[in-house]
Structures are given as C-alpha cells and as structure tokens.
Amino acid sequence: MREFRLRFALPVLAGALWLTMSQAAPAAPAKIAAPLKIYISVDMEGVAGVVTGDQLIPGGFEYERFRRFMTDEAVAAVRGAQAAGATEVVVSDSHGNGESLLIELFPKDVRIVRSWPRHGEMMAGLDSSFAAALFVGYHASTTNPKGVRAHTISSAHFTRVGLNGAAVTEAELNAAYAGALGVPVVFISGDDAAINEVTGRLGNMESVVTKKSLGFHSAETLTPAVSCEKIYQGALSAVSHRDQRKPYVVSTPVTLDISFKSYTSAEIVSYLHSVERTDAHSIRFVGHDMAEVMDFIVFLDYYSPEMAP
Ligand SMILES: [Zn+2]
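All figures in this text were calculated on a predicted structure; none of them were measured in a lab.

Student: What is the right way to look at the pattern of salt bridges in this model?
Tutor: Note on pairing: side chains with opposite charge can pair once their charged atoms come close. In the structure shown here, the tally under the stated rule is seven salt bridges. One salt bridge connects Glu64 with Arg67, and the closest N-O pair in it is separated by 3.2 Å. A residue pair is termed a helical-turn pair when its members lie 3 or 4 positions apart in one helix, as Glu64 and Arg67 do in helix H3 (residues 63-83) at three residues. The exposure class of Glu64 is exposed, given its relative accessible area of 51%. Under the relative-accessibility criterion, Arg67 is labelled buried at 15%. Linking Glu172 and Arg201 is a salt bridge whose minimum nitrogen-to-oxygen distance equals 2.8 Å. Linking Glu172 in helix H4 (residues 170-180) with Arg201 in helix H5 (residues 192-202), this pair joins segments that are 29 residues apart in sequence. Classification of Arg201 as partly exposed rests on a relative accessible area of 40%. Put simply, Lys37, Glu88 and Arg111 are held in one network by salt bridges that share partners.

Student: When you look at the coordination of the zinc ion in this model, what are you seeing that I'm missing?
Tutor: Ideal donor angles around a metal are set by the shape: a four-donor tetrahedron calls for 109.5 degrees, a six-donor octahedron for 90 or 180 degrees. Coordination sphere of the zinc ion, protein contribution only: Asp43 (OD), His139 (NE2) and Glu170 (OE), at 1.9 to 2.2 Å. Donor residues binding the zinc ion come from one chain and are separated in sequence as D-x95-H-x30-E. Of this pair, Asp43 sits in the loop between strand S1 (37-42) and helix H2 (53-56) while Glu170 sits in helix H4, placing them 127 residues apart in sequence. By relative accessible area, which is 3% here, Glu170 ends up buried.

Student: I'm lost on the confidence of the model for the chain in this one. Help?
Tutor: Interpretation of the predicted coordinates at a detailed level should be avoided for regions scoring low in pLDDT. For the chain, mean pLDDT is 91; residues scoring 70 or higher make up 88% of the total. Of all helices and strands in the chain, the one with the weakest mean pLDDT is helix H1 (residues 2-24) (44), whereas strand S4 (residues 132-138) scores best (99). Long-range and interchain partners of residues 1-23, a stretch whose pLDDT sits below 50, account for one contact in this model, where long-range means more than four residues apart.

Student: Where do I start with the sheet that holds strand S11 (residues 275-279) in this structure?
Tutor: The pairing of strands in a sheet happens through backbone hydrogen bonds and is either parallel or antiparallel. Pairing in this open sheet of five strands is antiparallel, and the strands run S6-S5-S10-S12-S11 from one edge to the other. Of all strands in the sheet, those with a lone pairing partner are strand S6 (166-167) and S11, marking the two edges. The pairing of strand S10 (residues 254-260) with strand S12 (residues 282-287) spans six bridges and is classified as antiparallel. Residue pairing for S12: Val254 is matched across the bridge by Gly287.

Student: Would you mind showing me how to read the sheet that holds S4 here?
Tutor: One open sheet holds the seven strands; their spatial order is S3-S2-S1-S4-S7-S8-S9, and the pairing between them is mixed. The open sheet terminates on both sides in strands that have one partner only, identified here as strand S3 (111-113) and strand S9 (218-221). On average, adjacent strands in this sheet sit at an angle of 20 degrees to one another, irrespective of strand direction. Note that S4 and strand S7 (residues 185-191) share four bridges and pair parallel. The partner of Tyr138 across the bridge, within S7, is Gly190. Against the sheet, H3 makes contact with S1, strand S2 (88-93), S4, S7 and strand S8 (206-215), and its axis sits at roughly 165 degrees relative to S1, the strand it touches most. Sitting on the sheet, H5 touches S4, S7 and S8, and the angle it makes with S7 is about 150 degrees.

Student: Explain the nonpolar core here, please?
Tutor: The nonpolar side chains of a soluble globular protein tend to be buried, and buried together. One finds Leu163, Ile283 and Met290 to be the most contacted residues of the largest nonpolar core, which totals 45 residues. Excluding residues within four positions of it along the chain, Leu163 makes contact with Val168, Leu173, Ala176, Val254, Thr255, Leu256, Met290 and Val293. One finds Val47, Ala74, Val78 and Val186 within the second-largest nonpolar core, a separate group that totals 36 residues.

Student: Looking at this structure, how should I read the packing of H4 against H5?
Tutor: Describing two packed helices takes the angle between their axes plus the distance from one axis to the other. Taken N-terminus to C-terminus, the directions of H4 and H5 make an angle of 35 degrees; their axes are 9 Å apart at the nearest point. For the crossing formed where H4 meets H5, the hand is right-handed. Seen from H4, the contacting residues are Ala171, Glu172 and Ala175; seen from H5, they are Val198, Arg201 and Leu202.

Student: In this structure, what is going on with the packing of aromatic side chains? I would like to understand it.
Tutor: Within a pair of aromatic rings, the relevant descriptors are the distance that separates the centres and the angle that separates the planes. One pass over the structure, following the stated rule, counts six aromatic pairs. Seen in terms of ring centroids, Tyr39 and Phe130 are 5.8 Å apart; in terms of plane orientation they differ by 85 degrees. Their pairing is edge-to-face. Of this pair, Tyr39 sits in strand S1 while Phe130 sits in the loop between S3 and S4, and the two are 91 residues apart along the sequence. Residue classification places Tyr39 among the buried positions, given a relative accessible area of 0%. A relative accessible area of 5% means that Phe130 is categorised as buried. With a centroid separation of 4.4 Å and 5 degrees between ring planes, the pair formed by Phe135 and Tyr138 is classed as stacked. A connected cluster of aromatic rings, assembled from ring pairs, spans Phe285, Phe296 and Phe299.

Student: How do you make sense of helix H8 (residues 290-303) when you look at a structure like this?
Tutor: An α-helix turns once every 3.6 residues. As a result, residues three or four positions apart point the same way. Between its terminal C-alpha atoms H8 stretches 20 Å, which fits the 20 Å expected from 14 residues at 1.5 Å a residue. Here H8 has its buried residues at Met290, Val293, Met294, Phe296, Ile297, Val298 and Leu300. In this fold, the buried residues of H8 make contact with strand S5 (158-163), H4, S10, helix H7 (263-269), S11 and S12. The opening residue of H8, the one whose side-chain oxygen lies 3.3 Å from the backbone nitrogen of Ala291, is Asp289.

Cut-offs applied
- Residues numbered from 1 in each chain as written.
- Predicted model: local features only at pLDDT ≥ 70, side-chain atom pairs only at ≥ 80, totals over all residues.
- Heavy atoms only, no water.
- Salt bridge = Lys/Arg side-chain N within 4 Å of Asp/Glu carboxyl O.
- Helix = DSSP H or I, 4+ residues; strand = E, 2+ residues; numbered from the N terminus.
- Buried < 20%, exposed > 50% of the residue type's maximum accessible area, 1.4 Å probe, protein only.
- Donors = N, O, S within 2.8 Å, 3.2 Å for Na, K, Ca; no water.
- pLDDT = per-residue confidence, 0-100.
- Contact = heavy atoms within 4.5 Å.
- Pairing = 2+ DSSP bridges.
- Axes fitted to C-alpha atoms, helices over the stretch in contact; angles between N-to-C directions.
- Core = buried A, V, L, I, M, F, W, Y, C linked by side-chain atoms within 4.5 Å.
- Left-handed = near helix turned anticlockwise from the far one by under 90°.
- Phe/Tyr/Trp six-rings, centres within 6.5 Å; stacked < 30°, edge-to-face > 60°.
- Expected span 1.5 Å × (residues − 1).
- Polar contact = N/O pair within 3.5 Å; in protein donor to acceptor, adjacent residues only side chain to side chain.

Right under this line is the structure:
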C-alpha cells in the first residue's frame, strides 16, 4: 500500500512542481547556433603536385586529374571550416577560366562562385557579413624569383603589380580587398615560396606548405591525400582561432601600379584620363578604395588578352 501511494504520489508531485516551475520560468527555446560565414578563395598553382601547364590548363594531359585534386583541397578546407562551426561557406573558383572546381563534389550547403568577369575577382561574393577568409592553392608573386608558376593576376601580361608602392601577391591584394570589408584572412596553402612571401607581408597565420618549390616548373610535393589532411586540420584551427587575426587594411586612396610585358598595353591603357603612364611599360591608377582598384584590375585582366603584344 505504501509503495502504491508513493508510486501514485510522486508523479503527481512532480507534475505539480513542473507546473509551478513552468509558470515561474518558461522553458528556454532550443539553442540556435549563431551564423558563422566563411569565404574560401581557391587557386590552382599552389595545389599539391601542380608544376606546369600540363596540370593547369584545360586540355593539358593531367588537367582533369588535377582539377579533382584542386577540388579535394577545397573540400578539405570547407570541411575544416564546418568542423570549426561554419554555418555558411562560399567558395570561389579563382583559377584560369573560373570553371575548374567539380561542384558536385562539395557538401550540399556550400555555394560556389564561378567564371569571369566579376566584381571582387578572386573574392567575388565576399561582404562584411563574413567572419574570415581562407586561401587555398595560392602561389608566389610575379616579382618573386622563387615559386612554382609565380605570377600576379596575369602571367601572360603583368610583370609587376604594386599596391601603395609595394609589389604584392594575389594573396595580399585579396587580403586588402577583404580587409576593407572588415574580414581577416586566417589561412593559406601553397608552395613554400608563396607561404614565405605572403606571411612576410601579412603576418603569421595558419598555413600549409603543399610543396617545396625547386623552380618555376618543378617542386618536391606532398601527395594529394596528405595535403588534404593538413588543409583540413589547418582550416579547422584557423577558423577556430579566427579572433587572433585582424583584417589587413591598406590606406586610402589606394595607388595601383601595373607593369606590362607589352609596351603598347601601357601606351593604350594610359589613354584613359584616370591613368598615368609612369614608364615605358608601366601605368598608375589611384582608386578611392580597394573595391574601385579591384574593378580596375578586372577591367585590365579581362581585356589584356586582346591587347597588342
Ligand atoms: Zn593565381
């Protein structure tokens, strides 16, 4: 009997208690994770194993395999970012024709920026709502004597790209674009020359050396599997510790200097009244901000293939 009473009484008591508590303090709603938007810009020259145009250019005998390796490195960065709490990831296909990434191999909730021309170029789609940017497969600048396929924006047409007086890598240019939006760059992968050059200018960050450059067309490389594993871990750590990195902000107005391989490119671009010709092969453009400078670069890059030699 006693046992019966207790068994009967306890649920009644518990029910009464729950009723009292629920009247005093409504149950908290299910916790919703704060949005964490991450941007990943992906190039190809810095991907493990890439050494020549055979891997980089559609039609090259290894291109189809290497666009898969490029995709795998990008996916590794996505998964690392997601493991660190990213709720939204945008990936920009930023090599060659902007159509190298195999989009069906990405997690379903990722969005991918493809093809050109586009405002923001290698950072298209980035805005101030993103918490951090990551660079995958990046390479050294055109003024660096080391580095596999070292160039800045256009290997065919530009011999130097300078920002506010200093020669820059694509990574620095893109970091300055992101910095103007308040977004820090927290991770980079590429060959040793690229990592040294970029961290020398932007400061230490989480990085992965995918290969050791032995020359413009030669490297001692990690295997794709090892490179992906390192990129996953690096991206995970970088996004987890994103608060340790500050946006890279350059002073405005921004002075852009470009030297062309071609004499006539410098001549014809300087017909624009906003452009000053600074020497036989070089021009200067001053933009109000990084967005304007990037638009000007897109303009030059898009039309330079049609320029006379
Ligand atoms: Zn590039």
